[in-house]
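# Geometric and topological summary
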Amino acid sequence: MANIGRRGFVKGATLGVLAFTVGGVEVIMAPGEARARNVPFRLLDAHQAETLESLGETLVPQAREAGIAHYIDQQLSVPPHEALLQARIFNVRPPFADFYRTAIISVDESSRRMFGRDFAQLSATDQREFVGRMRQNKIEGWTGRPGAAVYGVLRADAVDVVYGTMEGYEALGIPYMAHIPPEKRW
Amino acid sequence: MAYEKVDVVIVGAGASGSVYASVLAKAGKKVLLLDSGPDWELSDLISSEIWGRRVKPAGAPILLEGKNPMAYAAQGGWGVGGAALHYFANFPRLLPTDFRMKSEHGRGHDWPISYQDVAPFYDKVAREIGVSGDAKAEEKWRPAGEAYPMPPMKTFRNGDIWMKGFEASGIPMVPAPVGMNSVEFKGRPACLYDGWCHVGCPIGALANPQVTYLGEARKAGAEVRAWSTVTRVLTNQAGTRVTGVEYYDDKHQKQTQEASVVVLAAWSAQNPRLLLNSATDKHPKGLGNASGLVGHFMMSHHVANTWAMFDEDVQNHKGTVAVQYMSYERYPKKSHDGVFGSSFITAGFAVKTADLANSRADLYGPELADYMKRAARNLAGIKAFGEEQPNMENRVELASEKDAFGMPLGRLTHSFDSDAVALWNANLEEGLRIAKASGAKEAWSARGTMPTSHLLGGTIMGTSATNSVVDSYGQSHEIPNLWVAGPGIFPTEGASNPTFTIFALSQRGAERMASQWGTLTN
C-alpha cells in the first residue's frame, strides 16, 4: 500500500469529464460549457432538449445553465453500464433513452390537456404547478411511468448538474475534499 | 479457448467471494474468481457521487416487484469488489437471540449454529482486516470477545449533537464498530474523514476487498477474470457432483470452466437465479432445490430516517458515511410496545449534496434552493435499521424474459409484512422524540416509500434439505462440492448491517472447505 497517497492522490482515472462532439471531434468539457458553446445534441431533438431544460429549471434553479439537457443527452449516448444517470440507481431499465422519451411525451400530453400548450411554453407559475401535481401523481389521464418517478429521476439529474459538481459544492460553501478529484471540476 | 481445470471457481468477486479466494489460495488451491463486471482498481474510485455510480449494478436487470420493491441498484455492486467496494463498512454483529428466533420467539427460523460458533470468526475478521471501535462498550449488550484492533473513529458535531436526546430517551450510545482505520493498520493509512466512502475509498483506509481479502488472494495466486458472466452451474451425468460453470467472456463468447468445487458468491438474488437456471433432468427444480426453497425467504432491512435542522453549524460534510455512534438498546425483539423485531440505532454520518436534496425529496424550485443553503450547515440525521421476518412469499424466481446471454432474468418480489411496517413506524416516532430532546429546531421523518437496505436470504442455511438449501458452512445439502456464500445463507437477518457477519461466515465456511478438501474432491 506504500504507493497509495492521501488527499490529493495523483489520479489515475481518465474518466473525469464528459465527451461531447464538436465539429466531428470529441471534446472533453462540462455540460454547462457544452450548452454555452451550443454543442449539438447527439440524440435529443430541439423540442426534447427544451422540455428537459424547462423541467430541470423548474425542479432546481440553474439546471438549465448547468447544462442538464447536454448532460442527459451525452449520458444517453454511452452504453448503459457506463451511464452515470440516477436512472440507473432508480432501477430504470435500459435503454434509458426510452424513459426520457416517454416522460417528455407524458409531460407534454398532460400539459396540453391542462393548459393547452406544451410544458416548455408554460409560464413559470404553471410549470411549477404542473410539477407539483406530477410529483404527487395527481395529474388526471397521465400515461406512462408514474409522475412521481419522472419527478424523482429528473429532479435527481437536476441536482446532479447544479449541486453534484465541485462548483455546486463551492456555491453552497461545502468543502469538496476529494481523494481523487474529478477532472475539470466535474 | 479451453481453460485449465481449477480447484475452485468462485462466482462473484465481492465480500464473500474474496474471503473464500483468500483462504483457499493461501491453502494452496488453484482459485479462479469470475465476475460479470469490470476489474476496478483504487485509482478508478473518483470522489464524486456522479462518477460513483459506475460501481453500481449494470448488466442484466433484476425485475423488482411487490409492495416494497428492493432498492437493488442502490444496494448492489458491479464488478470486482462487488457491493463491498462502495459499502458503508458499519460492522455491528448479530446477537445471540438472532440465532434462536424459532425457539425463543416462535418466528422465522433457528440457525443450525449459535452466536458462539460465529463469535471467534468475528474476532478473526477484525484482526485480519481491521475494525475500529470499543468492544468493551458494546458488551453491555453482547457476549464478551476480543478488543478491536483499533480505537474508535473520531466523532463530529453532526453525531455528538444527538447525544443529549438519546440520553434523555434512555438509549445509551457507544462508538460504532466500523471496518475503517482510525489509525494506520497493516500499512493501510488512517481515514481522512472526507465522507467519500460510498463511492469507493481509494486510499485503503476502508476495508474493501481490493485492499484486504482480494489483495491477499491475488498475492497467493488466485486469478480474477472480469467481464465473465456465469449462466449455469454444470453437473455430472448422475447429478451427484458439480463439474464447473458455463459463462460468457468479455467478447460474449461461451466458455466452460471446469472446477473441483463451485462457490456461488454472486449476492442473494443472483445465486438463486443461477441455481434455478442450472436445472437438469436429475435436478428438475434447479440445483440444491429438492426442498423447493431456493429463492425463498428473501429479506431486507427497513430504515427509519429522522432528519433535523439545528441552530448551529453541525459540519455535516465531515466524517464517514459509516456511523459514529450505535446502540443495541432497542435490539430485544419486543422493545416497542405491541411491535415485534429488532432495531439497530445509529447516529452521526457525513452527507453529500445529493443527501441534502434527498432529505426533503418533496421540495423543488426556489424552496429547494433555499433549503440546500440551510441544510448545508444545519442538517443532521439518525437512522434505525429494522428487522424483517423471513417470509416464503418474498422470493426470487426466473422470469420468461431473457438477458443478452439467453438466461432468464430474475424476478425479485418483496413486501414488508405488518410487523415490519409497525416497527418502522415505531422507530420513526422515537426518532422524532430524540430529535426534539436533542434541541433540534425542526425535525421530520423520512416517510413515503419505505426504504429497503441490504438483501439477504434466498439460499438459507438449516439442518437438512427439508428445511433449507445449505448447511451452516454454505455447503449444499444435496451436492457436496457446491457451496453458496454471502448474505443469502442467513435464515434470519436481525437488524445489524450484514457485512461483518458475511465476512465471518465466509471465513468459517472457507476454513471448513479447506479442512475437508479430501471429502469434496473424492
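Description of the structure in this document. Computed from a predicted structure; not experimentally measured.

This brings us to the overall build of chain B. Scanning chain B from N- to C-terminus turns up 14 helices and 17 strands. Relative to a compact globule of 522 residues, whose C-alpha radius of gyration would be 24 Å, chain B shows 22 Å and is just as compact. The dimensions of chain B, computed from C-alpha atoms along their principal axes, are 70 × 50 × 50 Å. Taken over 522 residues, chain B has a buried fraction of 66%. In chain B, 51 side chains carry a positive charge and 53 a negative one; their mean positions are 1 Å apart.

Turning our eyes to something else, we now look at the packing of helix α2 (residues 46-59) of chain A against helix α3 (residues 68-76) of chain A. Residue and element names in this part refer to chain A. Relative orientation of the contacting elements α2 and α3 amounts to 125 degrees, with a least axis distance of 8 Å. In terms of their interaxial angle, α2 and α3 are classed as oblique. The element α2 and its partner α3 pack so that their crossing is right-handed. Listed contacts from α3 to A49, L52, E53 and G56 of α2 are I68, A69 and I72. Here the residues of the contact of α2 with α3 sort into five nonpolar, one polar and one charged.

Throughout this description, disulfide means a covalent bond between two cysteine sulfur atoms. Residues and elements named next belong to chain B. This structure, assessed with the given rule, holds zero disulfides over all chains. The structure places no disulfide on C191, whose sulfur is separated from the nearest cysteine sulfur, that of C197, by 6.0 Å. Classification of C191 by relative accessible area gives buried; the value is 14%.

Calculation notes
Residues numbered from 1 in each chain as written. Chains lettered and ligands numbered in written order. Predicted model: local features only at pLDDT ≥ 70, side-chain atom pairs only at ≥ 80, totals over all residues. Heavy atoms only, no water. Helix = DSSP H or I, 4+ residues; strand = E, 2+ residues; numbered from the N terminus. Rg over C-alpha atoms; globule rule 2.2 N^0.38 Å. Buried < 20%, exposed > 50% of the residue type's maximum accessible area, 1.4 Å probe, protein only. Lys, Arg positive; Asp, Glu negative; His and termini not counted. Charge placed at Lys NZ, Arg CZ, Asp CG, Glu CD. Axes fitted to C-alpha atoms, helices over the stretch in contact; angles between N-to-C directions. Parallel < 35°, antiparallel > 145°, perpendicular 65-115°, else oblique. Left-handed = near helix turned anticlockwise from the far one by under 90°. Contact = heavy atoms within 4.5 Å. Nonpolar A, V, L, I, M, F, W, Y, C, P; charged D, E, K, R; others polar. Disulfide = S-S within 2.5 Å.

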